[in-house]
Amino acid sequence: MALNHGPLESTNAGNTAGQAPGQYRFPLYILTSLFFMWGFLTALNDILIPHLKNVFDLTYTQSMLVQFCFFGAYFLVSIPAGSVVAKIGYQRGLVLGLLVAGLGCFLFYPAAGVQVYALFLAALFILASGITILQVSANPYVTALGRPETASIRLTMTQAFNALGTTIAPLVGATLILTAVAFTGDDGQTIAEFKAQEANSVKLPYLALGGALWVLAFIMAVVKLPKIGHQSDTKADAKDFSLWDHSHLALGAVSIFLYVGAEVAIGSFLVNFITDLGMSNMSEKKAAELVAYYWGGALVGRFIGAWVMTKISAGRVLAFNATGSVALIVLAVVSSGSVAMVAILAVGLCNSIMFPTIFSLAIKDLGAFTGRGSGVVCAAIVGGAIVPLVQGVLADSIGLQVSFLLPAICYVFIIYYGLVGCKVKQPSNT
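The model shown is predicted, which means the values in this text are computed figures rather than measured ones. (Residues numbered from 1 in each chain as written. Predicted model: local features only at pLDDT ≥ 70, side-chain atom pairs only at ≥ 80, totals over all residues. Heavy atoms only, no water.)

Participant: Where do I start with the environment of G375 in this structure?
Facilitator: In this fold, G375 is placed in helix α17 (residues 370-379). The exposure class of G375 is partly exposed, given its relative accessible area of 41%. Put simply, G375 and I79 are 296 residues apart on the chain and 8.6 Å apart in space, counted from C-alpha to C-alpha. (Helix = DSSP H or I, 4+ residues; strand = E, 2+ residues; numbered from the N terminus. Buried < 20%, exposed > 50% of the residue type's maximum accessible area, 1.4 Å probe, protein only.)

What follows is the structure, given as structure tokens:
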């Protein structure tokens, strides 16, 4: 989640159809960089979690407050962000989102200086709030920058760069944030001084990210982007929509909640999981670098899955991938060493097609209710805040490795959704 989880909104894309093919190429490049940046920032949490756990001597439950605050922002900020963007426009919404996200990055500096965990969590919430505003604003622009018939190609490209960001982030984070040096005290350094040094390692990376976001905000403020028409809900849409009349939507929202939760939980615990396997020469830094394979698998699988779904129904492909996830997690729980490590990393490959597939199945045949259905599904992204926290509680009580059975249970429900729950039923006429 980890990831471009925002809805691909329907817009008046035709208002650019008459423009020269390359006229909006540069704005599209800028928008693509936004998808990369929020993918990068989201996946960087997987490195931040074990780092803060060591600095503040946190339990697994306490360390999962990172994801709770980050993905909780999606749930709390999405609706207000939509109202703000509706008033100020999509382009200004992009600028606002970049400024807010950059502010969140800059706040890591004082948080590291005073070494207060709550300030880190506040900074993460502000950062995620900015990303949420970006998601509300960016998707309509991607569909508008060019001919309507090529909109899906542009969206695929931008989402691929989002996945590229999630793949690169663990490698960068491992190099700049995590160190392979353990505290020894041989040089006369106290444990407090060592932890202060560790806390300060986040300052430079997040200052650089904040600066990059504010540079993008300036560019986005001055670049010319097309005007996009707004589509208001009809009276029937506002009056007659009922979630319970569309079981495939309701179950799809549950599936998104569980999928995002499982994906984020696995990524959040990967570094600790791999280092706890007891393999020789496996430092936190090396384990963090291996997290790139988890997100890289999702990147590769996205292209494979897109081709497979031209031959096999989306629901069956979803069920197949979810079954693979369950099998791999169970293998990781009952085995050890390199077998368990490879099994848990391979879950990323199975994750690849799940979010877009669940999303499309959930809003299928909603007609005038599609916009509202999209909002319901996107609100369910809050699973990324809840499921990791619950797994943290389990890890503290029954052990980290066994706690991975919770994501496996999440995927079992997704198997059901792919085979049965996604089928569209006619709403009752009452």
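Resuming the write-up.
Participant: Teacher, can you tell me more about helix α13 (residues 284-308) here?
Facilitator: Residues spaced three or four apart along an α-helix face the same direction, because each turn holds 3.6 residues. When the terminal C-alpha atoms of α13 are compared, their 36 Å separation across 25 residues agrees well with the 36 Å that a helix rising 1.5 Å per residue should span. Bending of α13 peaks at approximately 30 degrees at the position of G301. (Expected span 1.5 Å × (residues − 1). Bend = angle between axes of the 7 residues up to and from the residue.)

Participant: Quick question: what am I supposed to make of the confidence of the model for the protein here?
Facilitator: Any region with low pLDDT has predicted coordinates that should not be read closely. Across the protein, pLDDT averages 83, with 80% of residues at or above 70. Counting contacts from residues 5-21, a segment whose pLDDT is below 50, to residues more than four positions away or on other chains yields 43 contacts. Across residues 230-238, where pLDDT falls below 50, the model places nine contacts with residues more than four positions away in sequence or in other chains. (pLDDT = per-residue confidence, 0-100. Contact = heavy atoms within 4.5 Å.)

Participant: Sorry, what's going on with the nonpolar core here?
Facilitator: In summary, soluble globular proteins display a tendency toward joint burial of nonpolar side chains. The biggest cluster of nonpolar side chains holds 128 residues, and the ones touching the most others in it are Y206, M220, I344 and Y411. Per-element accounting of this core gives the leading share, 15 residues, to helix α12 (residues 247-276). With near-sequence residues (within four places) excluded, I344 lies in contact with I266, L270, F273, Y294, I329, A332 and F404. (Core = buried A, V, L, I, M, F, W, Y, C linked by side-chain atoms within 4.5 Å.)

Participant: Even after reading the chapter, I still don't get the packing of aromatic side chains, so can you show me in this structure?
Facilitator: Each aromatic ring pair is described using two quantities: the centre-to-centre distance and the angle formed by the ring planes. One pass over the structure, following the stated rule, counts 15 aromatic pairs. Ring centres 5.5 Å apart and planes at 45 degrees place the aromatic pair F56 and Y117 in the tilted group. Taken together, the positions of F56 in helix α2 (residues 45-56) and Y117 in helix α7 (residues 117-144) put the pair 61 residues apart, joining distant regions of the chain. One exposure class covers both F56 and Y117, and it is buried. Aromatic side chains Y294 and W295 sit 5.0 Å apart centroid to centroid with 75 degrees between the ring planes, which places their arrangement in the edge-to-face category. With respect to class, Y294 is no different from W295; both count as buried. What links up through ring pairs into an aromatic cluster is the set F56, F108, Y117, F120 and Y206. (Phe/Tyr/Trp six-rings, centres within 6.5 Å; stacked < 30°, edge-to-face > 60°.)

Participant: What is the right way to look at the environment of G297 in this model?
Facilitator: Relative to the helices and strands, G297 resides in helix α13. The spatial distance from the C-alpha of G297 to the C-alpha of L349 is 4.1 Å, given a sequence separation of 52 residues. In contact with G297, other than residues within four places in its own chain, are G348, L349 and S352.

Participant: It is not clear to me how unusual backbone geometry should be interpreted in this structure. Could you clarify?
Facilitator: Its identity is not glycine, yet D57 carries a phi of approximately 55 degrees, on the positive side. Among the secondary structure elements, D57 is positioned in the loop between α2 and α3 (60-63). Backbone geometry at Q115 places phi at a positive 55 degrees, although glycine is not the residue there. When you line up the elements, Q115 lands in the loop between α6 (108-114) and α7.

Participant: Teacher, can you tell me more about the side chain of T166 here?
Facilitator: With respect to the helices and strands, the residue T166 is situated in helix α8 (residues 151-176). A distance of 2.7 Å separates a polar atom in the side chain of T166 from the backbone oxygen of A163. (Polar contact = N/O pair within 3.5 Å; in protein donor to acceptor, adjacent residues only side chain to side chain.)

Participant: How should I be thinking about the side chain of K203 in this particular structure?
Facilitator: Mapping K203 onto the fold places it in helix α10 (residues 203-222). Apart from the residues within four sequence positions on either side, K203 is in contact with Y109, A112 and G113.

Participant: Looking at this structure, I do not really get the environment of S352. What am I missing?
Facilitator: Positionally, S352 belongs in the loop between α15 (337-351) and α16 (354-362). For S352, a relative accessible area of 5% corresponds to the buried category. For S352 and G305, which are 47 residues apart along the polypeptide, the C-alpha to C-alpha distance reads 7.5 Å. Those residues in contact with S352, other than ones at most four positions away along the chain, are G297, A298, G301, R302 and N321. Polar contacts involving the side chain of S352 include one to the main-chain carbonyl oxygen of L349, which spans 2.8 Å.

Participant: I would appreciate a short explanation of the packing of helix α1 (residues 25-43) against α2 in the present structure.
Facilitator: Two measures define how a pair of helices packs: the angle their axes make with one another and the distance between the axes. Direction vectors running N to C along α1 and α2 enclose 25 degrees, while the axes themselves pass 5 Å from each other. Taken together, the axis directions place α1 and α2 in an arrangement best described as roughly parallel. Residues L41, T42 and A43 of α1 lie in contact with α2, whose contacting residues are N45, D46 and I47. Looking at side-chain class alone, the contact of α1 with α2 contains three nonpolar, two polar and one charged residues. (Axes fitted to C-alpha atoms, helices over the stretch in contact; angles between N-to-C directions. Parallel < 35°, antiparallel > 145°, perpendicular 65-115°, else oblique. Nonpolar A, V, L, I, M, F, W, Y, C, P; charged D, E, K, R; others polar.)

Participant: How do you make sense of the pattern of salt bridges when you look at a structure like this?
Facilitator: Side-chain pairs of opposite charge can arise whenever the charged atoms involved come near each other. Tallied over the entire structure, the rule returns one salt bridge. The salt bridge involving E289 is made with K285; its shortest N-O contact spans 3.0 Å. Taken as a pair, E289 and K285 lie in helix α13 at a separation of four residues, close to a single helical turn. (Salt bridge = Lys/Arg side-chain N within 4 Å of Asp/Glu carboxyl O.)

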